[in-house]
Amino acid sequence: MQWMTIFKKELLGDWRSMKWIWVPLVFILLCIMDPLMTYFMPRILDSVGGMPEGAVIEFPEVPPTEAIMMSLTELSMFGSLLIAAITMSVIAGERKSGVAELILVKPVNYFSYITSKWAAKLFLIFISYSLGMLASWYYVDLLFGGLSAERFFGLFIFYFIWLIFTVTVAIFYNTIFKRPGIVLAASVGTYIALSILAQVFANRSPWFPNNISSHIRSLMASGEVSSDLWIAAGVTVGISIILLIASNFSLRKAELAE
Amino acid sequence: MEEITSMLPIIAPLIVIQLVLMIIALISLIKAERTNGHKALWAVLIICLGYIGPILFFIIGRRQD
(Lines give C-alpha, C1' and ligand atoms only; values in the text may rest on other atoms or scores of the structure.)
Protein backbone atom coordinates (compact mmCIF):
# COMPACT_ATOMS: atom_id res chain seq x y z
CA MET A 1 0.00 0.00 0.00
CA GLN A 2 2.59 2.53 1.18
CA TRP A 3 4.88 1.41 -1.53
CA MET A 4 2.31 2.10 -4.24
CA THR A 5 1.48 5.49 -2.72
CA ILE A 6 5.07 6.70 -2.87
CA PHE A 7 5.50 5.14 -6.32
CA LYS A 8 2.45 6.94 -7.67
CA LYS A 9 3.42 10.21 -6.01
CA GLU A 10 6.81 9.98 -7.65
CA LEU A 11 5.29 9.33 -11.09
CA LEU A 12 2.96 12.29 -10.60
CA GLY A 13 5.89 14.47 -9.59
CA ASP A 14 7.78 13.47 -12.72
CA TRP A 15 4.71 14.27 -14.80
CA ARG A 16 4.34 17.71 -13.22
CA SER A 17 7.96 18.53 -13.84
CA MET A 18 7.46 17.44 -17.48
CA LYS A 19 10.02 14.64 -17.20
CA TRP A 20 7.55 12.31 -18.88
CA ILE A 21 7.78 14.49 -21.98
CA TRP A 22 11.36 15.58 -22.22
CA VAL A 23 13.22 12.48 -21.02
CA PRO A 24 11.69 10.19 -23.69
CA LEU A 25 12.34 12.83 -26.35
CA VAL A 26 15.97 13.17 -25.35
CA PHE A 27 16.43 9.38 -25.32
CA ILE A 28 14.98 9.17 -28.82
CA LEU A 29 17.34 11.94 -29.97
CA LEU A 30 20.35 10.20 -28.41
CA CYS A 31 19.46 6.87 -29.98
CA ILE A 32 18.77 8.01 -33.54
CA MET A 33 21.33 10.79 -33.87
CA ASP A 34 24.42 8.71 -34.60
CA PRO A 35 22.94 6.19 -37.05
CA LEU A 36 21.33 9.07 -38.98
CA MET A 37 24.54 11.12 -39.03
CA THR A 38 26.56 8.15 -40.20
CA TYR A 39 24.12 7.44 -42.98
CA PHE A 40 24.02 10.99 -44.23
CA MET A 41 27.68 11.89 -43.75
CA PRO A 42 28.75 11.22 -47.37
CA ARG A 43 25.81 13.21 -48.69
CA ILE A 44 26.31 16.05 -46.22
CA LEU A 45 29.97 16.33 -47.26
CA ASP A 46 28.87 16.26 -50.88
CA SER A 47 26.34 19.03 -50.59
CA VAL A 48 28.47 21.21 -48.34
CA GLY A 49 31.26 20.98 -50.87
CA GLY A 50 34.66 22.51 -50.27
CA MET A 51 36.40 19.26 -51.11
CA PRO A 52 39.40 19.58 -53.42
CA GLU A 53 38.87 18.45 -57.01
CA GLY A 54 39.07 14.70 -57.34
CA ALA A 55 39.17 13.98 -53.65
CA VAL A 56 37.59 10.64 -52.89
CA ILE A 57 36.70 9.56 -49.41
CA GLU A 58 35.82 5.94 -49.01
CA PHE A 59 33.15 5.38 -46.43
CA PRO A 60 33.15 1.85 -45.13
CA GLU A 61 29.87 0.00 -45.43
CA VAL A 62 28.22 -0.08 -42.01
CA PRO A 63 26.34 -3.29 -41.23
CA PRO A 64 23.04 -2.87 -39.34
CA THR A 65 24.47 -4.66 -36.31
CA GLU A 66 27.18 -1.97 -36.08
CA ALA A 67 24.73 0.85 -36.71
CA ILE A 68 22.53 -0.09 -33.76
CA MET A 69 25.60 -0.27 -31.53
CA MET A 70 26.09 3.45 -32.20
CA SER A 71 22.93 4.12 -30.18
CA LEU A 72 24.42 2.21 -27.26
CA THR A 73 27.65 4.20 -27.48
CA GLU A 74 25.67 7.44 -27.22
CA LEU A 75 23.60 6.06 -24.35
CA SER A 76 26.71 4.97 -22.49
CA MET A 77 28.14 8.48 -22.72
CA PHE A 78 25.24 10.90 -22.48
CA GLY A 79 22.51 8.52 -21.35
CA SER A 80 24.22 7.70 -18.07
CA LEU A 81 24.89 11.40 -17.48
CA LEU A 82 21.21 12.09 -18.10
CA ILE A 83 20.12 9.26 -15.80
CA ALA A 84 22.36 10.56 -13.02
CA ALA A 85 20.99 14.07 -13.57
CA ILE A 86 17.32 13.09 -13.33
CA THR A 87 17.96 10.83 -10.33
CA MET A 88 20.26 13.19 -8.42
CA SER A 89 17.58 14.88 -6.31
CA VAL A 90 15.04 12.08 -5.96
CA ILE A 91 15.91 11.39 -2.32
CA ALA A 92 18.66 13.96 -1.66
CA GLY A 93 16.35 16.83 -2.66
CA GLU A 94 13.64 15.64 -0.29
CA ARG A 95 16.13 15.30 2.54
CA LYS A 96 17.48 18.77 1.91
CA SER A 97 14.04 20.37 1.91
CA GLY A 98 12.86 18.32 4.88
CA VAL A 99 10.13 16.41 3.02
CA ALA A 100 11.92 13.12 3.67
CA GLU A 101 11.70 13.66 7.41
CA LEU A 102 7.98 14.32 7.16
CA ILE A 103 7.54 11.04 5.31
CA LEU A 104 9.90 8.97 7.42
CA VAL A 105 8.41 9.96 10.79
CA LYS A 106 5.32 8.15 9.60
CA PRO A 107 5.49 4.37 9.82
CA VAL A 108 7.11 4.14 6.41
CA ASN A 109 9.74 1.51 5.95
CA TYR A 110 13.05 2.93 4.70
CA PHE A 111 13.34 0.10 2.26
CA SER A 112 9.95 0.69 0.67
CA TYR A 113 10.70 4.43 0.53
CA ILE A 114 13.93 3.77 -1.39
CA THR A 115 12.68 0.97 -3.65
CA SER A 116 9.48 2.77 -4.62
CA LYS A 117 11.47 5.81 -5.72
CA TRP A 118 13.98 3.57 -7.44
CA ALA A 119 11.19 1.74 -9.28
CA ALA A 120 9.50 4.98 -10.31
CA LYS A 121 12.68 6.37 -11.86
CA LEU A 122 13.45 3.03 -13.46
CA PHE A 123 9.98 2.97 -15.00
CA LEU A 124 10.47 6.41 -16.55
CA ILE A 125 13.86 5.37 -17.88
CA PHE A 126 12.54 2.04 -19.19
CA ILE A 127 9.80 3.74 -21.21
CA SER A 128 12.22 6.37 -22.55
CA TYR A 129 14.84 3.78 -23.41
CA SER A 130 12.27 1.55 -25.14
CA LEU A 131 11.02 4.41 -27.28
CA GLY A 132 14.57 5.45 -28.13
CA MET A 133 15.71 1.97 -29.09
CA LEU A 134 12.56 1.25 -31.11
CA ALA A 135 13.13 4.48 -33.03
CA SER A 136 16.75 3.48 -33.56
CA TRP A 137 15.71 -0.01 -34.75
CA TYR A 138 13.28 1.57 -37.21
CA TYR A 139 15.94 3.83 -38.69
CA VAL A 140 18.61 1.14 -38.78
CA ASP A 141 16.17 -1.15 -40.56
CA LEU A 142 15.28 1.58 -43.02
CA LEU A 143 18.76 2.93 -43.75
CA PHE A 144 21.24 0.11 -43.11
CA GLY A 145 19.25 -3.06 -43.68
CA GLY A 146 17.37 -5.63 -41.67
CA LEU A 147 18.20 -6.48 -38.09
CA SER A 148 16.57 -9.58 -36.64
CA ALA A 149 14.18 -9.21 -33.72
CA GLU A 150 16.16 -11.83 -31.84
CA ARG A 151 19.35 -9.77 -31.88
CA PHE A 152 17.52 -6.56 -31.18
CA PHE A 153 15.81 -7.89 -28.07
CA GLY A 154 19.02 -9.52 -26.87
CA LEU A 155 20.72 -6.15 -27.05
CA PHE A 156 17.68 -4.38 -25.62
CA ILE A 157 17.35 -6.57 -22.53
CA PHE A 158 21.04 -6.92 -21.69
CA TYR A 159 21.71 -3.21 -22.06
CA PHE A 160 18.76 -2.45 -19.81
CA ILE A 161 20.55 -4.37 -17.05
CA TRP A 162 23.36 -1.84 -17.33
CA LEU A 163 20.81 1.00 -17.08
CA ILE A 164 19.34 -0.57 -13.93
CA PHE A 165 22.85 -0.49 -12.50
CA THR A 166 23.35 3.21 -13.34
CA VAL A 167 20.04 4.14 -11.66
CA THR A 168 20.90 2.09 -8.59
CA VAL A 169 24.31 3.76 -8.23
CA ALA A 170 22.66 7.19 -8.36
CA ILE A 171 20.01 6.15 -5.80
CA PHE A 172 22.74 4.82 -3.52
CA TYR A 173 24.59 8.15 -3.55
CA ASN A 174 21.26 9.87 -2.90
CA THR A 175 21.14 8.20 0.50
CA ILE A 176 24.71 9.23 1.34
CA PHE A 177 24.87 12.84 0.21
CA LYS A 178 22.33 15.54 0.79
CA ARG A 179 23.24 17.85 -2.06
CA PRO A 180 22.00 16.84 -5.53
CA GLY A 181 25.10 18.33 -7.18
CA ILE A 182 27.39 16.08 -5.18
CA VAL A 183 25.19 13.05 -5.94
CA LEU A 184 25.56 13.83 -9.65
CA ALA A 185 29.32 14.25 -9.39
CA ALA A 186 29.74 11.05 -7.36
CA SER A 187 27.58 8.97 -9.74
CA VAL A 188 29.31 10.22 -12.87
CA GLY A 189 32.69 9.82 -11.17
CA THR A 190 31.79 6.20 -10.41
CA TYR A 191 30.75 5.46 -14.00
CA ILE A 192 34.01 6.94 -15.29
CA ALA A 193 36.16 5.15 -12.70
CA LEU A 194 34.42 1.85 -13.50
CA SER A 195 34.94 2.26 -17.21
CA ILE A 196 38.64 2.97 -16.70
CA LEU A 197 38.95 -0.08 -14.41
CA ALA A 198 37.06 -2.19 -16.94
CA GLN A 199 39.46 -1.15 -19.68
CA VAL A 200 42.55 -1.78 -17.58
CA PHE A 201 41.41 -5.21 -16.44
CA ALA A 202 39.48 -6.11 -19.58
CA ASN A 203 41.37 -9.38 -20.09
CA ARG A 204 41.40 -10.52 -16.52
CA SER A 205 37.87 -9.68 -15.44
CA PRO A 206 35.41 -9.81 -18.32
CA TRP A 207 32.50 -9.68 -15.89
CA PHE A 208 32.64 -6.00 -15.02
CA PRO A 209 29.28 -4.23 -15.40
CA ASN A 210 30.87 -1.92 -17.97
CA ASN A 211 31.86 -4.86 -20.16
CA ILE A 212 28.21 -5.62 -20.87
CA SER A 213 28.23 -3.38 -23.93
CA SER A 214 31.37 -4.97 -25.37
CA HIS A 215 29.79 -8.41 -24.85
CA ILE A 216 26.67 -7.11 -26.58
CA ARG A 217 28.87 -6.10 -29.51
CA SER A 218 30.00 -9.71 -29.89
CA LEU A 219 26.42 -10.87 -29.44
CA MET A 220 25.47 -8.67 -32.39
CA ALA A 221 28.29 -10.09 -34.47
CA SER A 222 27.83 -13.77 -33.65
CA GLY A 223 24.15 -13.88 -32.75
CA GLU A 224 24.90 -15.95 -29.69
CA VAL A 225 24.78 -14.94 -26.04
CA SER A 226 28.23 -15.72 -24.65
CA SER A 227 28.64 -17.11 -21.15
CA ASP A 228 30.66 -14.00 -20.28
CA LEU A 229 27.63 -11.87 -21.05
CA TRP A 230 25.42 -14.01 -18.80
CA ILE A 231 27.93 -13.77 -15.95
CA ALA A 232 28.51 -10.02 -16.43
CA ALA A 233 24.74 -9.49 -16.38
CA GLY A 234 24.41 -11.63 -13.26
CA VAL A 235 27.23 -9.75 -11.53
CA THR A 236 25.60 -6.43 -12.43
CA VAL A 237 22.22 -7.50 -11.07
CA GLY A 238 23.94 -8.77 -7.92
CA ILE A 239 25.81 -5.50 -7.34
CA SER A 240 22.57 -3.57 -7.90
CA ILE A 241 20.75 -5.62 -5.24
CA ILE A 242 23.63 -5.15 -2.80
CA LEU A 243 23.62 -1.39 -3.48
CA LEU A 244 19.87 -1.19 -2.82
CA ILE A 245 20.28 -2.98 0.51
CA ALA A 246 23.26 -0.77 1.36
CA SER A 247 21.15 2.31 0.54
CA ASN A 248 18.64 1.16 3.12
CA PHE A 249 21.30 1.09 5.84
CA SER A 250 23.01 4.30 4.83
CA LEU A 251 19.73 6.25 4.73
CA ARG A 252 18.76 4.94 8.15
CA LYS A 253 22.16 5.87 9.54
CA ALA A 254 22.06 9.33 7.98
CA GLU A 255 18.56 10.05 9.27
CA LEU A 256 19.34 8.81 12.77
CA ALA A 257 22.47 10.96 12.91
CA GLU A 258 20.39 14.09 12.56
CA MET B 1 18.97 21.46 -52.99
CA GLU B 2 17.47 18.27 -54.37
CA GLU B 3 19.72 16.35 -52.02
CA ILE B 4 18.31 18.19 -49.05
CA THR B 5 14.66 17.71 -49.99
CA SER B 6 15.20 13.99 -50.41
CA MET B 7 16.64 13.81 -46.88
CA LEU B 8 13.74 15.74 -45.42
CA PRO B 9 11.30 12.91 -44.56
CA ILE B 10 14.04 11.17 -42.59
CA ILE B 11 15.43 14.27 -40.89
CA ALA B 12 11.95 15.67 -40.08
CA PRO B 13 11.48 13.74 -36.78
CA LEU B 14 14.73 15.23 -35.46
CA ILE B 15 13.47 18.72 -36.20
CA VAL B 16 10.06 17.99 -34.67
CA ILE B 17 11.63 16.59 -31.47
CA GLN B 18 13.86 19.65 -31.18
CA LEU B 19 10.89 22.00 -31.64
CA VAL B 20 8.75 20.16 -29.07
CA LEU B 21 11.60 20.26 -26.55
CA MET B 22 12.05 23.97 -27.15
CA ILE B 23 8.33 24.70 -26.78
CA ILE B 24 7.78 22.72 -23.57
CA ALA B 25 10.93 24.26 -22.09
CA LEU B 26 9.63 27.75 -22.90
CA ILE B 27 6.19 26.97 -21.48
CA SER B 28 7.68 25.68 -18.27
CA LEU B 29 10.02 28.69 -18.13
CA ILE B 30 7.08 31.08 -18.41
CA LYS B 31 5.05 29.17 -15.82
CA ALA B 32 7.92 28.94 -13.33
CA GLU B 33 7.81 31.54 -10.59
CA ARG B 34 11.53 31.48 -10.00
CA THR B 35 14.41 29.91 -11.85
CA ASN B 36 18.08 29.44 -11.10
CA GLY B 37 19.45 32.41 -12.98
CA HIS B 38 17.71 35.10 -14.97
CA LYS B 39 14.62 34.12 -16.95
CA ALA B 40 15.54 36.10 -20.04
CA LEU B 41 18.94 34.43 -20.14
CA TRP B 42 17.27 31.01 -20.04
CA ALA B 43 14.94 32.02 -22.88
CA VAL B 44 17.94 32.90 -25.04
CA LEU B 45 19.75 29.66 -24.14
CA ILE B 46 16.68 27.52 -24.85
CA ILE B 47 16.15 29.07 -28.25
CA CYS B 48 19.77 29.33 -29.37
CA LEU B 49 21.47 26.17 -28.13
CA GLY B 50 19.36 23.70 -30.10
CA TYR B 51 18.35 20.69 -28.07
CA ILE B 52 21.06 21.29 -25.45
CA GLY B 53 19.35 24.47 -24.17
CA PRO B 54 16.07 22.81 -23.10
CA ILE B 55 17.91 19.86 -21.49
CA LEU B 56 20.12 22.23 -19.47
CA PHE B 57 17.07 24.21 -18.44
CA PHE B 58 15.18 21.13 -17.25
CA ILE B 59 18.14 19.80 -15.29
CA ILE B 60 19.63 22.92 -13.69
CA GLY B 61 17.34 25.83 -14.49
CA ARG B 62 14.17 24.67 -12.77
CA ARG B 63 13.85 25.05 -9.05
CA GLN B 64 12.60 21.89 -7.43
CA ASP B 65 10.66 23.62 -4.67
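Note that this is a predicted model, so its numbers are computed, not measured.

Draft legend 1. Inspection of the overall build of chain B at higher detail. Broken down by element type, chain B carries three helices and zero strands. Taking 2.2 N^0.38 as the reference for a compact globule, 65 residues should give roughly 11 Å; the C-alpha atoms of chain B span a radius of gyration of 15 Å, well beyond that estimate. Principal axes of the C-alpha set define a box for chain B whose edges measure 50 × 15 × 15 Å. Within the span of chain B, comprising 65 residues, buried residues form 35% of the whole. Entry remark: accessible area of chain B is about 4100 Å², with carbon and sulfur atoms responsible for 71%. In chain B, 5 positive and 4 negative side-chain charges are present, and the distance between their average locations comes to 21 Å.

Draft legend 2. Structural context of the packing of aromatic side chains. Summed over all chains, the structure comprises 23 aromatic pairs over all chains. One aromatic cluster is present, formed by Phe126(A), Tyr129(A), Trp137(A), Phe152(A), Phe153(A), Phe156(A), Tyr159(A) and Phe160(A) through successive ring pairs.

Draft legend 3. Representation of the interface of chain B and chain A in the model. Taken together, the 19 residues of chain B in the interface contact 21 residues of chain A. Carbon and sulfur atoms supply 82% of the area that chain B and chain A bury against each other, a total of about 2000 Å² over both sides. Together, Ile10(B), Leu14(B) and Ile17(B) form the three largest contributors to the area buried by chain B at its contact with chain A, with a combined 28%. Counting the contacts that link chain B with chain A gives zero salt bridges. With 13 residues, helix α1 (residues 2-31) of chain B is the largest single contributor of residues to the side of chain B that touches chain A. Residues belonging to the side of chain B that touches chain A are distributed by class as follows: 14 nonpolar, three polar and two charged.

Draft legend 4. Broad picture of the UniProt feature "transmembrane region" (unreviewed entry) in chain A. All names here are of chain A. If you check UniProt for "transmembrane region" (unreviewed entry), the listed places come out as residues 20-41, 75-93, 122-140, 152-174, 181-202 and 229-251 in our numbering. Between the C-alpha atoms that bound residues 75-93 the distance is 25 Å, and the span itself is 79% helix and 0% strand. Secondary structure over residues 181-202 splits into 91% helix and 0% strand, and the C-alpha atoms at its two ends are 31 Å apart.

Draft legend 5. Local environment of the nonpolar core. Counting residues in hydrophobic clusters, the biggest one holds 101 residues, and the most contacted among them are Trp22(A), Ile68(A), Leu75(A), Tyr113(A), Tyr129(A), Met133(A) and Ile216(A). Look past the residues within four positions of Met133(A) in its chain and what remains in contact with it is Cys31(A), Ile68(A), Ser71(A), Leu72(A), Leu75(A), Phe152(A), Leu155(A) and Phe156(A).

Draft legend 6. A look at helix α9 (residues 212-222) of chain A. All names here are of chain A. Turning to α9, its buried residues number three or more, namely Ile212, His215, Ile216, Leu219 and Met220. Considered in projection along α9, the buried side chains sweep an arc of 150° and stay on one side of the axis. Where the residues of α9 are buried, they touch α3 (64-87), α7 (149-176) and α10 (227-257). Trailing α9 by a residue or two, Gly223 shows a phi angle of about 80°, which is positive.

Draft legend 7. Layout of the layout of surface pockets. Residues and elements named next belong to chain A. Approximately 510 Å³ is the volume attributed to the second largest pocket. What lines the second largest pocket is a set of 23 residues, and nearest its centre among them are Ser76, Trp162, Ser195, Asn210 and Ser213. Every element with two or more residues in the lining of the second largest pocket is listed here: α3, α7, α8 (180-200) and α9. Looking at the lining of the second largest pocket, the element that brings in the most residues is α3, giving seven residues. Of the residues that constitute the lining of the second largest pocket, the class distribution is 13 nonpolar, nine polar and one charged.

Draft legend 8. Representation of the side chain of Ser17(A). Residue position: Ser17(A) is located in the loop between α1 (2-16) and α2 (19-48). Ser17(A) has contacts with Trp22(A), Phe58(B) and Arg62(B), leaving out every residue within four places of it along the chain.

Draft legend 9. Examining the pattern of salt bridges more closely. Residues and elements named next belong to chain A. Within this structure, the stated rule accounts for nine salt bridges over all chains. Lys121 is paired through a salt bridge with Glu10; the nearest N and O atoms lie 3.2 Å apart. Taken as a pair, Lys121 in helix α6 (residues 110-143) and Glu10 in helix α1 lie far apart in primary sequence, 111 residues in all. Take Lys121 and Glu10: they sit in the same class, and that class is buried. Three or more residues are tied together by salt bridges with common partners; here these are Lys9, Glu10, Asp14, Lys19, Glu94, Lys117 and Lys121.

So, how was this worked out
Residues numbered from 1 in each chain as written. Chains lettered and ligands numbered in written order. Predicted model: local features only at pLDDT ≥ 70, side-chain atom pairs only at ≥ 80, totals over all residues. Heavy atoms only, no water. Helix = DSSP H or I, 4+ residues; strand = E, 2+ residues; numbered from the N terminus. Rg over C-alpha atoms; globule rule 2.2 N^0.38 Å. Buried < 20%, exposed > 50% of the residue type's maximum accessible area, 1.4 Å probe, protein only. Areas by Shrake-Rupley, 256 points an atom, 1.4 Å probe, with all protein chains shown as cover. Lys, Arg positive; Asp, Glu negative; His and termini not counted. Charge placed at Lys NZ, Arg CZ, Asp CG, Glu CD. Phe/Tyr/Trp six-rings, centres within 6.5 Å; stacked < 30°, edge-to-face > 60°. Contact = heavy atoms within 4.5 Å. Buried area = accessible area lost by both parts, 1.4 Å probe. Salt bridge = Lys/Arg side-chain N within 4 Å of Asp/Glu carboxyl O. Nonpolar A, V, L, I, M, F, W, Y, C, P; charged D, E, K, R; others polar. UniProt positions renumbered as here; feature names shortened; annotations may be inferred. Core = buried A, V, L, I, M, F, W, Y, C linked by side-chain atoms within 4.5 Å. Arc of directions from axis to C-beta. 1 Å grid on protein atoms, 1.4 Å probe; cavity = no way out; pocket = protein on both sides within 12 Å on 5 of 7 lines; lining within 4 Å. Points joined across faces, edges and corners; volume = space filled by probe spheres on them.

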